[in-house]
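As a plain string of letters, each chain reads:
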Amino acid sequence: MGRKAKRLSREDHARHLMRMREGRTYKKALEIVDAHERDAAEFYAGKNKKMNKWRPLIERVANEYGDGRVSPGLLSSLVYFESSGNSEAKNSDTEAHGLGGLLEGAIAEVLFYRERNRAGREVKEFETQAEEIIESGAIYDPETNLIFATEYLKRLSTKFKGNISHIMAAYN
C-alpha cells in the first residue's frame, strides 16, 4: 500500500521547495508535485519572476500537447527544477538545454516518435537532426523547447503508466 503524501502549509511548501532547489533532490520534488499537482503552476509562478512570464505558454503547451498526461503543474515543476525559468539555460555537465533541460537523446526520441514510418528505424538515426536543432539554437526557443519537453514527458507517461516518480527519474 502506497504512502499518502502529507499536505503542507504554503509556508512549509515554500521552505521545502527552496531546500530542494538548492539540493536539487528530485525525489522530494516528486512528492510535492504529486501532493500539489493542481496549484503547482500558480505556486512556481509566484516564487520565481522568470516563471511568471512562462505561465501562459506552459499552460497552453501542456493543454495542447499533453493529451491529459502532462498537466501544467507537472510541466511548471519540471521547468522550475531544470532551468528556474531561464530559456537560455545550458548545463555544461549534462548538456541539458533550455527551459525543459532537454538532452540530445530526448530530442532524438521525440523526433523518432513523430516519424510515422519508423518501422525498422532506430532512435539513433534521429541524433543528427537533434544535434542540428541544438546547434541552430532552435531548442532555446521557449515554445519549441516546451513542446519537446511535453512530448517527451507524454511518451514517458505512456511508458511508465503515469507513475510520476518513474517518469521524472527517466527524464533525468
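Residues numbered from 1 in each chain as written. Predicted model: local features only at pLDDT ≥ 70, side-chain atom pairs only at ≥ 80, totals over all residues. Heavy atoms only, no water.

> Run through a negative patch on the surface, naming residues and quoting values.
A surface patch of negative charge is lined by Glu127, Glu131, Glu132 and Glu135. Mapped onto the fold, Glu132 is located in helix H7 (residues 127-135). (Patch = residues over 30% accessible without salt bridge, like charges linked within 9 Å, V, L, I, M, F, W, Y side chains within 5 Å. Areas by Shrake-Rupley, 256 points an atom, 1.4 Å probe, with all protein chains shown as cover. Salt bridge = Lys/Arg side-chain N within 4 Å of Asp/Glu carboxyl O. Lys, Arg positive; Asp, Glu negative; His and termini not counted. Charge placed at Lys NZ, Arg CZ, Asp CG, Glu CD. Helix = DSSP H or I, 4+ residues; strand = E, 2+ residues; numbered from the N terminus.)

> Tell me what's going on with the nonpolar core, and back it up with residues and numbers.
If you look at the biggest cluster of nonpolar residues, it comprises 38 residues, and the most contacted ones within it are Leu75 and Ile107. Every element with two or more residues in this core is listed here: helix H4 (49-65), helix H5 (72-83), helix H6 (104-114), H7, helix H8 (142-159) and helix H9 (164-171). Ranked by residue count, the leading element in this core is H8, at 7 residues. Setting aside chain neighbours within four positions, we find Leu75 in contact with Ile58, Val61, Ala62, Val70, Leu146, Ala149, Thr150 and Leu153. (Core = buried A, V, L, I, M, F, W, Y, C linked by side-chain atoms within 4.5 Å. Buried < 20%, exposed > 50% of the residue type's maximum accessible area, 1.4 Å probe, protein only. Contact = heavy atoms within 4.5 Å.)

> Which residues make up the packing of H4 against H5, and what values do they have?
Put simply, H4 and H5 touch, their axes get as near as 9 Å, and they point 135 degrees apart. Regarding the angle of H4 to H5, the classification is oblique. Classified by chirality, the crossing of H5 by H4 is right-handed. Listed contacts from H5 to Met51, Ile58, Glu59, Val61, Ala62 and Asn63 of H4 are Pro72, Leu75, Ser76, Val79 and Tyr80. Considering only residue class, the contact of H4 with H5 consists of 8 nonpolar, 2 polar and 1 charged. (Axes fitted to C-alpha atoms, helices over the stretch in contact; angles between N-to-C directions. Parallel < 35°, antiparallel > 145°, perpendicular 65-115°, else oblique. Left-handed = near helix turned anticlockwise from the far one by under 90°. Nonpolar A, V, L, I, M, F, W, Y, C, P; charged D, E, K, R; others polar.)

> Report on unusual backbone geometry, specifying residues and quantitative values.
Not every positive phi belongs to a glycine, and Ser84 is a case in point at roughly 55 degrees. Its place among the elements puts Ser84 in the loop between H5 and strand S1 (90-91). A positive phi angle, close to 65 degrees, is found at Glu95, a residue other than glycine. Within the secondary structure, Glu95 is located in the loop between S1 and strand S2 (96-97). Classification of Glu95 by relative accessible area gives partly exposed; the value is 39%.

> Lay out the confidence of the model for the chain in plain terms, naming residues and giving numbers.
Chain-level statistics for the chain give a pLDDT mean of 79 and a share of 72% at 70 or above. Low pLDDT, under 50, characterises residues 1-6; the predicted model gives this stretch 4 contacts beyond four residues in sequence or across chains. (pLDDT = per-residue confidence, 0-100.)

> Break down H4 for me, citing the residues and quoting the values.
With 17 residues, H4 should reach 24 Å at 1.5 Å per residue; the first-to-last C-alpha distance of 25 Å fits that figure. The sharpest bend along H4 reaches about 45 degrees and sits at Arg55, with the proline Pro56 one to four residues further on. Those residues of H4 that fall on the buried side of the exposure criterion are Met51, Trp54, Leu57, Ile58, Val61 and Ala62. Taken from the residues just after H4, Asp67 is the one with a positive phi, measuring 50 degrees. (Expected span 1.5 Å × (residues − 1). Bend = angle between axes of the 7 residues up to and from the residue.)

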